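Architecture and fold: a report
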Amino acid sequence: MENLDPKKVLADLTKNANKYCGAVNPICLDDYVACGGYEASSKVVNNEVDVISILKDANLVARKKLNELCADRWIGAETVVCETEDPMAILDLKVQTEAPHVIVEAMIIFMHVNNAKKGVIVVNDELAYNRLDKAVTDAKNAGLNDKDIIVSKVSIDGLKENAQLLANVVAIVQNSYKPAPAKGLKGVAIGGKVKNPGIYEIEDGTTYRKLIEEIAGGATGKVKAIKVGAPYGEYLSSDILDEKINFMSLMMNGMVRGTALIIVLDESTDMAKEISDYLGFLLNVSCGKCFPCKVGTKRMDEMVKEVVKGNATIENYNMIKSIAVNMNIGTLCPIGQKGAVPVLTALENFRDDFIKE
Ligand code: SF4
């Protein structure tokens with residue numbers, strides 16, 4: 001934590017999809033417009049910019065489609081859909097909840113480029129649904145959106161992109177998002193249960209397996225989890241071992257993956273104990289200014305300690321998850337928002353370590 005420079009972290013966050021989160025009133029169209037909102041979609045609709053070229057130059061890829069440029073998918077679709085189904089949906093929920101106009105603006109661009117007749121934003125969360133619905137209506141009434149965009153709780157077929165990627169499209173067209181270099185060598189730090197922890201330069205596209213087994217000398221046991229982007233990174237299962245480490249994708253997600261610090265955990269690791277240790281760290285860095293972080297971190301710490309002692313019930317699991325979700329969307333700064341990510345991903349990917357009934 002000593003090496004984490006908060007100014008650098010905040011600067012990184014302002015470059016990408018989350019730049020409007022916490023910076024504008026999510027239910028105020030005027031606020032968003034005053035900060036440059038709907039300028040990007042206006043340029044696109046008036047054909048002042050070549051979006052496909054810009055997106056290709058930016059090498060924009062989705063979290064789950066790292067080898068495919070989104071520009072190569074945007075070649076025409078009758079219906080385009082903003083929807084996500086992965087464990088990191090909390091990041092998408094964040095931008096949908098805190099900056100719904102970014103998603104509406106992105107949908108205008110998404111529809112225009114694909115010449116789509118219909119745009120659907122799929123979201124289950126009640127707060128995000130209401131804010132997005134209001135944003136669609138407000139933008140239409142203000143003459144900023146003439147597209148057929150609806151918000152739905154039901155999934156629909158069509159060309160799908162997640163909310164974070166779409167928000168990045170707005171930032172790229174605004175020329176405010178600078179992607180990390182996609183090619184060449186890049187420094188990465190690896191630690192935890194590997195024989196040769198350290199900092200290595202690896203080629204973009206190196207797999208996690210190659211990094212662990214060949215470059216870092218191998219794991220000390222069977223790999224159970226990989227934490228990508230410590231300290232606030234996601235706990236991923238060993239299913240990702242053969243995925244490529246894509247630096248642009250790491251950077252796209254801001255601080256969560258952008259630290260390029262990878263921690264390997266082997267099968268001897270109890271994920272509840274791991275999260276208990278992590279929450280001890282989070283308690284130390286929380287300043288206590290806002291309620292969901294101040295009380296939420298303390299309560300989660302107490303409850304996860306109960307899990308470690310053996311009180312691993314479904315009720316505990318659900319309560320910890322609920323507190324973490326509230327922290328992620330209801331806190332003032334990245335420590336609370338990103339701080340919930342390790343908890344949520346550990347609960348999602350290592351459920352059996354938290355429920356032993
Ligand atoms: S989220 Fe940030 S501001 Fe709020 S209590 Fe935590 S550290 Fe302080």
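In case you missed it, the structure is sitting above this.
The sections below set out a description of the structure shown in this document. Only a predicted model underlies this, so the values are computations on that prediction, with no experimental measurement involved. (Residues numbered from 1 in each chain as written. Predicted model: local features only at pLDDT ≥ 70, side-chain atom pairs only at ≥ 80, totals over all residues. Heavy atoms only, no water.)

Within soluble globular proteins, side chains that are nonpolar generally end up buried alongside one another. By size, the foremost hydrophobic cluster in this structure holds 50 residues, and its most contacted members are Leu55, Trp74, Met107 and Ile121. Of all the elements, helix H7 (residues 100–114) adds the most residues to this core, at 9 residues. If you look at the next biggest cluster of nonpolar residues, it comprises 31 residues, including Val285, Met303, Ala346 and Ile355. (Core = buried A, V, L, I, M, F, W, Y, C linked by side-chain atoms within 4.5 Å. Buried < 20%, exposed > 50% of the residue type's maximum accessible area, 1.4 Å probe, protein only. Helix = DSSP H or I, 4+ residues; strand = E, 2+ residues; numbered from the N terminus.)

Moving on, we get to the sheet that holds strand S5 (residues 149–152). Pairing within the open sheet is parallel, and its 4 strands lie in the order S5-S4-S3-S6. Only two strands of the sheet have a single neighbouring strand rather than two, namely S5 and strand S6 (159–161). Between one strand axis and the next, the sheet turns through 25 degrees on average, direction left out of account. Pairing analysis gives 4 bridges linking strand S3 (residues 79–82) to strand S4 (residues 118–122), with the strands arranged parallel. Within the sheet, the bridge partner assigned to cysteine 82 lies in S4 and is isoleucine 121. (Pairing = 2+ DSSP bridges. Axes fitted to C-alpha atoms, helices over the stretch in contact; angles between N-to-C directions.)

Turning to the packing of helix H13 (residues 271–285) against helix H17 (residues 341–349), a few remarks are in order. Running from amino to carboxyl end, H13 crosses H17 at an angle of 175 degrees, the nearest separation of the two axes being 10 Å. Relative to H17, the element H13 lies roughly antiparallel. For the pair H13 and H17, contact is made by Met271, Ile275, Tyr278 and Leu279 and by Pro342, Val343 and Ala346, respectively. (Parallel < 35°, antiparallel > 145°, perpendicular 65-115°, else oblique. Contact = heavy atoms within 4.5 Å.)

The next point concerns H7. A rise of 1.5 Å per residue sets the reference length of H7, with its 15 residues, at 21 Å; its end C-alpha atoms lie 21 Å apart and thus fit the reference within 8%. The element H7 is extensively covered by neighbouring structure, given that 13 of its 15 residues are classed as buried. Downstream of H7 by a residue or two, asparagine 115 has a phi angle that is positive, lying close to 55 degrees. (Expected span 1.5 Å × (residues − 1).)

Turning our attention to the pairing of S4. Judged by how many residues are buried, S4 sits mostly within the fold: 4 of 5 residues are covered. Sheet topology places S4 next to S5; 4 bridges connect them, and they run parallel. Note on S5: the bridge partner recorded for glycine 119 is isoleucine 149. Chirality of the crossover, the property in question, places the unit of S4, helix H8 (residues 126–141) and S5 among those that are right-handed. (Right-handed = clockwise from strand over helix to strand, strands pointing away.)

Right, let's talk about the packing of aromatic side chains for a bit. This structure, assessed with the given rule, holds 5 aromatic pairs. Ring geometry for tyrosine 278 against phenylalanine 281: centres 5.9 Å apart, planes inclined by 45 degrees, an arrangement best described as tilted. Here phenylalanine 281 and tyrosine 278 lie together in helix H13, a separation of 3 residues that amounts to about one turn. By way of ring pairs, the aromatic residues Tyr20, Tyr32 and Tyr38 are connected into one cluster. Its guanidinium or amino end placed over the ring of tyrosine 129, lysine 153 lies 4.9 Å from that ring's centre, counting from NZ or CZ. When the ring centre of tyrosine 317 is taken as origin, the NZ or CZ atom of arginine 351, which lies over that ring, is 4.9 Å away. (Phe/Tyr/Trp six-rings, centres within 6.5 Å; stacked < 30°, edge-to-face > 60°. Lys NZ or Arg CZ within 6 Å of the ring centre and 35° of its normal.)

This next bit is on unusual backbone geometry. Even without being glycine, tyrosine 38 reaches a positive phi, approximately 70 degrees. Positionally, tyrosine 38 belongs in the loop between helix H2 (29–34) and helix H3 (39–45). With phi around 55 degrees, asparagine 115 is a residue other than glycine that occupies positive phi space. By the secondary structure assignment, asparagine 115 is in the loop between H7 and S4.

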